[in-house]
Amino acid sequence: MEKLKCTISMSDGVLNIRLSGSIDHHTVRKIREEIDGELYKGGVKQVVLDFGGVDFMDSSGLGLILGRYTKITDMGGKLTLRGLSDDIMKIIKLSGAEKFIPIEKIEKKEKPTKPDNADKKQEDRKRSLS
Amino acid sequence: MKTKVQNVFRAQFSAKSINESWARQTVSAFAAQLDPEIVELADIRTAVSEAVTNAIVHGYKNEGGTVYLTVSYTYDRVLTIAVRDKGCGIEDVRAAMQPLFTTDTTGERGGMGFTIMKSFTDKLRVTSRLGKGTLVTMTKRLSSGDR
Ligand SMILES: Nc1ncnc2c1ncn2[C@@H]1O[C@H](COP(=O)(O)OP(=O)(O)OP(=O)(O)O)[C@@H](O)[C@H]1O
Ligand SMILES: [Mg+2]
């Protein structure tokens, strides 16, 4: 899964953006334009950026987050991040953005914790090496 | 102490953004020969993506050129990744490597690329000459294979 897709829905002033695929400098532009297009339609009080389907992100994704944060805040809205994997979280923490951008906790069923994750990891491992 | 190189590959490719994913996946596939941890491979992919993107975006200012990639590993599992461009070069490397430093003016770059490369590998070395280009070398010792 290398392409980046986004599914956007809006209800009661909350713009829900679910991203899936890989976020890098190449893929981020189209998504940024799509998101900004929605923002400029107006009436957005809150934006939820959901990274649940993102399998790769580099600093271009961080740029996407920080850029949207500035835009949304300037428009008087609020940005929340959802579905951040450990890999994405590592990058966000390096920048310190977690101190000013609210991050939703991942629900249990979406991201299993250690014990039952151990097996899955082995499987992922086999798959990625085959 | 340095041990002998066990395996090496070299590639050169157009400085086009579409090659960013190809580059990181190629290096990841090569490093996977050492059977590293999943997180190590993920870190390698991210670090490569940063270096290659910088060459394309900053070195060649999105106007194209050639990116040179050399990856090797030693018998004691030290992976070395070198990304070189013959682009504009960096005026002050030390300043450029500081977290949040960016020459980008669009507000869409966080200035975190070098910080990510540094944190996701064991060692990052950057040499650059204005008008000549930039060489980014990263080394990472992969966890022992006998698991
Ligand atoms: N290969 C290169 N050639 C010329 N200049 C470079 C190169 N790599 C980095 N730079 C300079 O160093 C600065 C910092 O790079 P770094 O990757 O840390 O941040 P960025 O690319 O600006 O933002 P981000 O990586 O977070 O998207 C860049 O803004 C650029 O000025
Ligand atoms: Mg960069």
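Just so you know, these numbers come straight off a predicted model, no measurement behind them.

### Describing the sheet that holds strand β3 (residues 78-85) of chain B
Residue and element names in this part refer to chain B.
Point 1. Pairing is antiparallel in the open sheet, where five strands are placed in the order β1-β2-β3-β5-β4. The open sheet is flanked by β1 (5-14) and β4 (123-129), the only strands paired with a single partner. For this sheet, the mean angle separating the axes of adjacent strands, direction not counted, is 10°.
Point 2. Seen against the sheet, helix α2 (residues 38-59) touches β1, β2 (66-74), β3 and β5 (133-141) and runs at an angle of roughly 175° to β5.

### Quick notes on α2 of chain B
For the α-helix, the turn length of 3.6 residues means that residues three or four positions removed from each other point alike.
Point 1. Compared with the 32 Å implied by 1.5 Å per residue over 22 residues, the 30 Å span of α2 of chain B between its first and last C-alpha is a close match.
Point 2. Extensive coverage of α2 of chain B is indicated by the burial of 18 of its 22 residues.

### Considering the packing of aromatic side chains
Point 1. With the rule as written, the count across this model stands at four aromatic pairs over all chains.
Point 2. Ring centres of F30 of chain B and Y73 of chain B lie 5.2 Å apart, and the angle between their planes is 45°; on these two criteria the pair is classed as tilted. Of this pair, F30 of chain B sits in helix α1 (residues 19-31) while Y73 of chain B sits in strand β2, and the two are 43 residues apart along the sequence. Summarising the burial analysis for this pair, F30 of chain B and Y73 of chain B share the class buried.
Point 3. Geometry around F56 of chain A places R24 of chain B over its ring, the cationic atom sitting 3.8 Å from the centre.
Point 4. The residue whose ring lies beneath R84 of chain B is Y68 of chain B, and the NZ or CZ to ring-centre distance is 4.7 Å.

### Observations regarding the site of ligand 1
Point 1. Of all residues adjacent to ligand 1, which total 21 residues, the nearest are H58, T102, T103, R109 and M112 of chain B.
Point 2. At ligand 1, the nearby residues belong to more than one chain, namely chains A and B.
Point 3. For ligand 1, an oxygen atom lies 2.8 Å from a polar atom in the side chain of N54 of chain B.
Point 4. At 3.0 Å, a backbone N or O of G111 of chain B approaches an oxygen atom of ligand 1.
Point 5. For ligand 1, whose accessible area on its own is 600 Å², the fraction buried by protein is 96%.
Point 6. Looking at the shell around ligand 1, the elements with two or more residues in it are α2 and α4 (113-120) of chain B.
Point 7. Top element by residues in the shell around ligand 1 is α2 of chain B. It accounts for five residues.
Point 8. Considering only residue class, the shell around ligand 1 consists of seven nonpolar, eleven polar and three charged.

### What to know about the interface of chain B and chain A
Point 1. Each partner contributes residues to the interface: chain B has 32 residues there, and chain A has 27 residues.
Point 2. Roughly 2300 Å² is buried in total at the junction of chain B and chain A, and carbon and sulfur atoms are behind 54% of that figure.
Point 3. Between the two partners, chain B and chain A, sit three salt bridges.
Point 4. Note that D24 of chain A and R24 of chain B form a salt bridge whose closest N and O atoms lie 2.9 Å from each other.
Point 5. Here chain B and chain A share ten residue pairs in polar contact (both at pLDDT 80 or more) between them.
Point 6. Broken down by secondary-structure element, the contributors of at least two residues to the side of chain B that touches chain A are α1, α2 and α4 of chain B.
Point 7. Taken together, the residues that form the side of chain B that touches chain A break down as ten nonpolar, twelve polar and ten charged.

### Thoughts on the confidence of the model for chain B
Point 1. Chain-level pLDDT for chain B is 96 on average; 97% of the residues reach the 70-or-more range.
Point 2. For this predicted complex, the interface score ipTM comes out at 0.93, alongside a pTM of 0.90.

### A closer look at the sheet that holds strand β3 (residues 46-57) of chain A
Residues and elements named next belong to chain A.
Point 1. Spatially, β1-β2-β3-β4 is the arrangement adopted by the four strands of the open sheet, whose pairing is mixed. The outermost strands of the open sheet, each flanked by one partner alone, are β1 (4-11) and β4 (78-82). The mean angle between the axes of side-by-side strands here comes to 15°, regardless of whether they run parallel or antiparallel.

Rules used in this analysis
Residues numbered from 1 in each chain as written. Chains lettered and ligands numbered in written order. Predicted model: local features only at pLDDT ≥ 70, side-chain atom pairs only at ≥ 80, totals over all residues. Heavy atoms only, no water. Pairing = 2+ DSSP bridges. Helix = DSSP H or I, 4+ residues; strand = E, 2+ residues; numbered from the N terminus. Axes fitted to C-alpha atoms, helices over the stretch in contact; angles between N-to-C directions. Contact = heavy atoms within 4.5 Å. Expected span 1.5 Å × (residues − 1). Buried < 20%, exposed > 50% of the residue type's maximum accessible area, 1.4 Å probe, protein only. Phe/Tyr/Trp six-rings, centres within 6.5 Å; stacked < 30°, edge-to-face > 60°. Lys NZ or Arg CZ within 6 Å of the ring centre and 35° of its normal. Near = heavy atom within 4 Å. Polar contact = N/O pair within 3.5 Å; in protein donor to acceptor, adjacent residues only side chain to side chain. Areas by Shrake-Rupley, 256 points an atom, 1.4 Å probe, with all protein chains shown as cover. Nonpolar A, V, L, I, M, F, W, Y, C, P; charged D, E, K, R; others polar. Buried area = accessible area lost by both parts, 1.4 Å probe. Salt bridge = Lys/Arg side-chain N within 4 Å of Asp/Glu carboxyl O. pLDDT = per-residue confidence, 0-100.

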